[in-house]
Amino acid sequence: MEATAVIVPSVGAEFELSTVELSDPGPGEVLVRIVGVGLCHTDAAVKEGHLPFPLPGVLGHEGSGIIEAVGEGVADLAIGDKVALSFNSCGDCKWCLRDEPASCVNFMPFNFGGVRGDGSSPIELNGSSVGGNFFGQSSMATHAIANTRNVVKVPDSVPLELVGPLGCGIQTGAGAVLNSLNVEAGSSVVVTGAGPVGLSAVMAAALRGAKHIVVVEPNAGRRALALELGATAAVDPSEGPVTEQLRGIVPEGFDYAADTTAIVSVLGDLIGAMAVRGVVGLIGVPSDPDAALPLPLVPASVLGITVRGIIEGDADPQTFIPELIDFYMQGKFPFDKLITTMPLSQANEALKAQLTGDAVKVVLLAE
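Reading guide: rules and limits
Residues numbered from 1 in each chain as written. Predicted model: local features only at pLDDT ≥ 70, side-chain atom pairs only at ≥ 80, totals over all residues. Heavy atoms only, no water. Axes fitted to C-alpha atoms, helices over the stretch in contact; angles between N-to-C directions. Helix = DSSP H or I, 4+ residues; strand = E, 2+ residues; numbered from the N terminus. Parallel < 35°, antiparallel > 145°, perpendicular 65-115°, else oblique. Left-handed = near helix turned anticlockwise from the far one by under 90°. Contact = heavy atoms within 4.5 Å. Nonpolar A, V, L, I, M, F, W, Y, C, P; charged D, E, K, R; others polar. Buried < 20%, exposed > 50% of the residue type's maximum accessible area, 1.4 Å probe, protein only. Pairing = 2+ DSSP bridges. Polar contact = N/O pair within 3.5 Å; in protein donor to acceptor, adjacent residues only side chain to side chain. UniProt positions renumbered as here; feature names shortened; annotations may be inferred. Disulfide = S-S within 2.5 Å. Salt bridge = Lys/Arg side-chain N within 4 Å of Asp/Glu carboxyl O.

Novice: Give a detailed account of the packing of helix H4 (residues 169–180) against helix H5 (residues 196–208), specifying residues and quantitative values.
Specialist: Taken N-terminus to C-terminus, the directions of H4 and H5 make an angle of 40°; their axes are 7 Å apart at the nearest point. By the angle class used here, H4 and H5 are oblique. In the crossing of H4 with H5, the sense of the turn from one axis to the other is right-handed. Only Val197, Ser200, Ala201, Ala204, Ala205 and Arg208 of H5 make contact with H4, whose side of the interface consists of Gly169, Ile170, Thr172, Gly173, Ala174, Val177 and Leu178. Taken together, the residues that form the contact of H4 with H5 break down as eight nonpolar, four polar and one charged.

Novice: Residue-level account of the packing of H4 against helix H10 (residues 317–329), with values.
Specialist: Contact pair H4 / H10: the axes reach a minimum separation of 11 Å and the direction vectors enclose 95°. Judged by the inter-axis angle, H4 sits roughly perpendicular to H10. In contact with Gln171, Ala174, Gly175, Leu178 and Asn179 of H4, H10 contributes Pro317, Phe320, Ile321 and Leu324.

Novice: Could you give an account of the pairing of strand S11 (residues 188–192), naming the residues involved and the relevant values?
Specialist: Of all the five residues making up S11, five are buried; the element is thus mostly covered by neighbouring parts of the structure. Of the two faces of S11, the one carrying Ser188, Val190 and Thr192 and the one carrying Val189 and Val191 are both buried. Two elements, S11 and strand S12 (residues 212–216), share five bridges in a ladder whose sense is parallel. Bridging across to S12, Thr192 finds its partner in Val216. Taken together, the four bridges between S11 and strand S14 (residues 254–259) define a ladder with parallel strand orientation. Bridge pairing in S14 places Val191 opposite Ala258.

Novice: Can you break down the sheet that holds S11 residue by residue, with the values?
Specialist: Spatial ordering of the open sheet is given by S13-S12-S11-S14-S15-S16, a layout of six strands whose pairing is parallel. Only two strands of the sheet have a single neighbouring strand rather than two, namely strand S13 (233–235) and strand S16 (306–309). Geometrically, the sheet is characterised by an average inter-axis angle of 20° between neighbouring strands, direction not taken into account. The pairing of strand S15 (residues 274–282) with S16 spans four bridges and is parallel. Of the residues in S16, the one forming a bridge with Val279 is Thr306.

Novice: Kindly report on the side chain of Asp236, identifying the contributing residues and their values.
Specialist: Relative to the helices and strands, Asp236 is located in the loop between S13 and helix H7 (242–249). A polar side-chain atom of Asp236 sits 2.8 Å from a polar atom in the side chain of Ser238. In contact with Asp236, other than residues within four places in its own chain, are Glu217, Pro218, Arg223 and Gln245.

Novice: Describe the UniProt feature "domain: Enoyl reductase (ER)" (unreviewed entry) in the protein chain, and please don't skip the residues or the numbers.
Specialist: Under the present numbering, the feature "domain: Enoyl reductase (ER)" (unreviewed entry) in UniProt falls on residues 12–364. Between the first and last C-alpha atoms of residues 12–364 the distance is 20 Å; the span itself is 27% helix and 24% strand.

Novice: Just give me the short version of the sheet that holds strand S4 (residues 57–58), but keep the residues and values in it.
Specialist: Taken in spatial order, the five strands of this open sheet run S4-S1-S2-S7-S8, and their pairing is antiparallel. This sheet does not close on itself; its edge strands, each paired only once, are S4 and strand S8 (128–129). Bridge analysis of strand S7 (residues 123–125) against S8 gives two bridges, and the strand direction is antiparallel. Each bridged residue has a counterpart across the sheet, and for Leu125 the counterpart in S8 is Ser128.

Novice: Explain the state of the cysteines residue by residue, including any values.
Specialist: One pass over the structure, following the stated rule, counts zero disulfides. You can see Cys40 has no disulfide; the closest cysteine sulfur is in Cys168, sitting 4.2 Å from it. Free cysteine Cys104: the closest other cysteine sulfur is in Cys90, separated by 3.6 Å. On the basis of relative accessibility, which here comes to 5%, the residue Cys104 falls in the buried class.

Novice: So what's going on with the pattern of salt bridges? Which residues, and what values?
Specialist: A full pass over the atoms with the stated rule returns eight salt bridges. Arg116 is the salt-bridge partner of Glu29, the closest N and O atoms lying 2.9 Å from each other. With Glu29 in strand S3 (residues 29–38) and Arg116 in the loop between helix H3 (107–112) and S7, the pair connects residues that are 87 residues apart, well separated along the chain. With respect to class, Glu29 is no different from Arg116; both count as buried. Glu68 is the salt-bridge partner of Arg33, the closest N and O atoms lying 3.2 Å from each other. Taken together, the residues Arg33 in strand S3 and Glu68 in strand S5 (residues 63–70) connect sequence positions 35 residues apart. Look at Glu68 and you get partly exposed, because its relative accessible area is 34%.

Below you can see the structure in the form of structure tokens.
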């Protein structure tokens, strides 16, 4: 069938709206009519060549929509189901078998390879295959072929056009706090960067009842939103050394840190603000793939600091996305406050709005 998709022609090029040809869903796949798709920092990173993906190709990995067709062997999903789409995983490695697909040994080929397991792409442009199957979906389009492992049914009561970002950015930030760091009530948390991932971490820390939830963010509007969503303090890095500002708020240092910036100097500030046995979670994607963490060995050893990388918030989408939706329906996780909607045709304008801070999380509407 034909679909309209946002194409990335080459590294650094602007998005282009094109007509593509989608294959029928194969075994273990479904065809989803996309209602909305979140625009994520990872999409921008691939577009600029910071992460590998075959171009030209179709990105988009925070899709939501309605199933229109199912492939062979699909038993738990049906035509008409409302779904959110998340990251892909192999289902066979030791981590997938433990229901921890975010640690899938085959994460990179299954999400960034641009093809299905059999080497084919579900997307053609002008008669030639292009990069598809991005995160098992390539949902920056009116329709997408998705794998059943990364398709999650959602209730009718939730706004379908808004739930796509639960599949990656929001899941990553919230999962970092609830799963990876497992923040306790009464503890202290610092979050660097108040984009959608960082603000999701803030909301999750508030859910857990953390005593101190401090955000470091240069954008005044995002600092204000962080305070609205549960942060207890917000630090402007332009007002002085960040480590000193953080120590001024929590003199004994922070129990947990979630960095969404992947900026080396910011991570250095965080290390200096950690408490005894503090844990630093690395969530951001660096613009420089060779960037390295400056870790002072003596203070790190004396304090017993732990530094750990976090992918997708160590979440299993099949259970974690419904959990976040439940929190949302209870009024405890208002992720809708992060979202601005724009039409699919304005993908370039949407990316600019996110990069300039005019929007926190844009969802591109396919309808």
